[in-house]
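Chain and residue survey
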Amino acid sequence: MSKLLVKNAKQVVLICNNGEKFLTKDGMLKLCVIENSSLVIGSDGLIKDIGPASTIDFQYAGVSFDKVIDATGMCVIPGLVDAHTHPVWAGDRVHEFAMKLAGATYMDVHRAGGGIHFTVEHTRAALASTLLASLTGRLGRMQRAGTTLVECKSGYGLELQTELKMLEVIETARRTLPINISSTYCGAHAVPKGKTVAEATTDILKVQLPRLRERMSAGALRVDNIDVFCEQGVFDLSSTRSILQAGLDMGLNINFHGDELHPMNSAQLGAELGALAISHLEEVTDEGIAAMATAKTAAILLPTTAYILRLPQPRARDMLEAGVIVALGSDFNPNAYCCSMPVVMHLACVNMRMSMPEALAAATINAAYALGRSHTHGSLEVNKHGDLLVLNAPRWEHLIYQLGGHQELIRYVVIRGNVVYNNDKTMDF
Ligand SMILES: N=CN[C@@H](CCC(=O)O)C(=O)O
Ligand SMILES: [Zn+2]
């Protein structure tokens, strides 16, 4: 008994087919696409077979499937991977959007006690059940926009109890929802009001991380990554180093915010510590780019942030040419309210000058690499997870080309062989 047959697709975008853990340079331009093909997912939820429709028809003639999707005229691509989100919070910041449109910068709002501080106040006061309900809604939105693996950060507590509350909410979502989650401790997202950087760092090192380690050892929490906002007026390079090193010593992957508003040498620090990924990098230097390329530290670029805050665009072309592993994330948070990786890919192409194949590689295999999951996710290859999208379009590029069109292009979202979204509102165009 097999779980799912997706048959006769016009295009199946495998992304790669040699077990690559990431793609760089030309590898991102020449994605592996096969035509008139079918795909089989086994009862374990893993991909069992992919090949020409006629061959699969013949090989599986006597096999029964839980479900068959006729993808005639449609395309199949891997589920999208969103490598950077802040989806657990209470209290929206629509009022700050108005301030920013009127000219306030991100740090103006932050210094005035808004921004992350505003969200911290509301998130500390919120019940875990309220946070879980809003997280569930947000992850559902992301899933309907094609995301099947998402990184979720804490970071609106800045003290032990609320950071744990957020991580527990993420853990509950991980255990109960179909979407795959990579969980990130981001207790160093801002310096809490009333504390110095040194005091906040000591609290993280001596109070928060030891408790986190206990909860992880007891099997109550799974946390995958450690994050710090390394920025002027937030955590400097030396406090960032000590927090990231402590996380690494606990077995967490380093994946942090760096070189966003000022050049901080975050890229060089991340490369030195063996970071799996660094996000933002709007202000990265040439030396930082070279260090990341050598260390195979992925750059998670966030086109929505630069767009909303009217920042200089991250230097995607320089990074791609230097051989950096470029990934993408939505940066969903109360500042950048975007749940859609297709919109993110569109912005990456138009504003950061990435090509459509580069953007898709960055939102699949490379984003999975940034989360340490590219051995199981990020491409359609035998024995990887059966996470895929069926698009009601004759070419996969429509998903990027049609700005905001994903709501009508994505026909099915499949996670581990189960249809988690069946959209009968797709329309021919
Ligand atoms: N830059 C720091 N953190 C977030 C914003 C979080 C917030 O403003 O609430 C980001 O990645 O864009
Ligand atoms: Zn962020």
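Reading the values: the criteria
Residues numbered from 1 in each chain as written. Chains lettered and ligands numbered in written order. Predicted model: local features only at pLDDT ≥ 70, side-chain atom pairs only at ≥ 80, totals over all residues. Heavy atoms only, no water. UniProt positions renumbered as here; feature names shortened; annotations may be inferred. Axes fitted to C-alpha atoms, helices over the stretch in contact; angles between N-to-C directions. Helix = DSSP H or I, 4+ residues; strand = E, 2+ residues; numbered from the N terminus. Parallel < 35°, antiparallel > 145°, perpendicular 65-115°, else oblique. Contact = heavy atoms within 4.5 Å. Nonpolar A, V, L, I, M, F, W, Y, C, P; charged D, E, K, R; others polar. Donors = N, O, S within 2.8 Å, 3.2 Å for Na, K, Ca; no water. Tetrahedral: all angles 85-135°; square planar, octahedral: opposite > 155°, others 65-115°. Buried < 20%, exposed > 50% of the residue type's maximum accessible area, 1.4 Å probe, protein only. Near = heavy atom within 4 Å. Polar contact = N/O pair within 3.5 Å; in protein donor to acceptor, adjacent residues only side chain to side chain. Areas by Shrake-Rupley, 256 points an atom, 1.4 Å probe, with all protein chains shown as cover. Salt bridge = Lys/Arg side-chain N within 4 Å of Asp/Glu carboxyl O. Pairing = 2+ DSSP bridges. Expected span 1.5 Å × (residues − 1).

The protein is annotated in an unreviewed UniProt entry as Probable imidazolonepropionase from Oncorhynchus tshawytscha. Recorded under Cofactor (unreviewed entry), the UniProt text for the protein is reproduced unchanged: "Fe(3+)". For the protein, the Pathway (unreviewed entry) comment in UniProt is given as "Amino-acid degradation; L-histidine degradation into L-glutamate; N-formimidoyl-L-glutamate from L-histidine: step 3/3."

A separate point is the packing of helix α8 (residues 197-217) against helix α9 (residues 237-249). In contact at an axis separation of 10 Å, α8 and α9 are set at 5° when each is read in the N-to-C sense. By the angle class used here, α8 and α9 are roughly parallel. From α8, Val-197, Thr-201, Ile-204, Leu-205 and Leu-209 reach across to α9, where they touch Ser-239, Ser-242, Ile-243, Ala-246 and Gly-247. Its residues placed into classes, the contact of α8 with α9 shows six nonpolar, four polar and no charged.

Around the zinc ion (ligand 2), the protein supplies His-84 (NE2), His-86 (NE2) and His-257 (NE2) as donor atoms, at distances of 2.0 to 2.1 Å. Viewed at the metal, the four donor atoms of the zinc ion (ligand 2) are separated by angles of 98 to 123°, and the geometry they form is tetrahedral. Spacing between the donor residues of the zinc ion (ligand 2) along their common chain follows H-x1-H-x170-H. Placement of His-84 in the loop between β6 (80-82) and α3 (94-101) and of His-257 in strand β10 (residues 253-258) is noted, with a sequence separation of 173 residues between them. Judged by its relative accessible area of 2%, His-257 falls in the buried class.

We now examine the environment of Ile-243. Assignment of secondary structure puts Ile-243 in helix α9. Along the sequence, Ile-243 and Glu-408 sit 165 residues apart, while their C-alpha atoms lie 44 Å from each other. Setting aside residues up to four positions removed in sequence, Ile-243 forms contacts with Ala-188, Thr-201, Ile-204, Leu-205, Leu-209, Ile-226, Val-228 and Phe-235.

Attention shifts here to the site of ligand 1. The environment of ligand 1 is made up of 16 residues, and the closest members are Arg-93, Tyr-106, Tyr-156, His-280 and Asp-331. At 2.6 Å, a side-chain N or O of Tyr-106 approaches an oxygen atom of ligand 1. Within the side chain of Asp-331, one N or O atom sits 2.6 Å away from an oxygen atom of ligand 1. In the complex, 100% of the free accessible area of ligand 1, which totals 330 Å², lies under the protein chains. Classifying every residue of the shell around ligand 1 by side-chain character gives five nonpolar, eight polar and three charged.

This part is about the pattern of salt bridges. All chains considered together, the criterion is met by 19 salt bridges. With a closest N to O distance of 2.7 Å, Arg-175 and Glu-171 form a salt bridge. Taken together, the positions of Arg-175 and Glu-171, both in helix α7 (residues 160-176) and four residues apart, correspond to about one turn of that helix. Owing to a relative accessible area of 53%, Arg-175 belongs among the exposed residues under this scheme.

With respect to topology, eight strands assemble into an open sheet ordered β6-β7-β8-β9-β10-β11-β12-β13, the strand pairing being parallel. Of all strands in the sheet, those bounded by a partner on one side alone are β6 and β13 (326-328). Put simply, the sheet's adjacent strands are angled 25° from each other on average, direction ignored. Packing of α8 onto the sheet brings it into contact with β8 (180-188) and β9 (225-230), and relative to β8 it is tilted by some 155°.

Right, let's get into helix α6 (residues 128-144). Over its 17 residues, α6 runs 24 Å from end to end, which matches the ideal 24 Å to within 8%, given 1.5 Å per residue. Every buried residue of α6 is accounted for by Leu-131, Leu-135, Arg-138, Leu-139, Gly-140, Met-142 and Gln-143. Where α6 is buried, its residues contact α5 (116-125), β7 (147-153), α7, β8, β15 (410-415) and β16 (418-422). Trailing α6 by a residue or two, Gly-146 shows a phi angle of about 105°, which is positive.

The subject of this paragraph is the UniProt feature "domain: Amidohydrolase" (unreviewed entry) in the protein. Under the UniProt annotation, the feature "domain: Amidohydrolase" (unreviewed entry) is placed at residues 277-421. Structurally, residues 277-421 is divided into 39% helix and 17% strand, and its ends, taken at the C-alpha atoms, are 30 Å apart.

It is worth spelling out the pairing of β16 at this point. When β15 meets β16, the two strands line up antiparallel, connected through four bridges. Each bridged residue has a counterpart across the sheet, and for Tyr-412 the counterpart in β16 is Asn-422. Counting the residues in the hairpin turn of β15 and β16 gives two residues, including Arg-416, whose phi is positive at 45°.

Counting buried positions along β8 yields nine of nine residues, so the element is predominantly enclosed. Here five bridges tie β7 to β8, and the two strands are oriented parallel to one another. Opposite Lys-153, over in β8, you have Thr-184 as the bridge partner. Sheet topology note: the β8/β9 ladder contains three bridges and is parallel.

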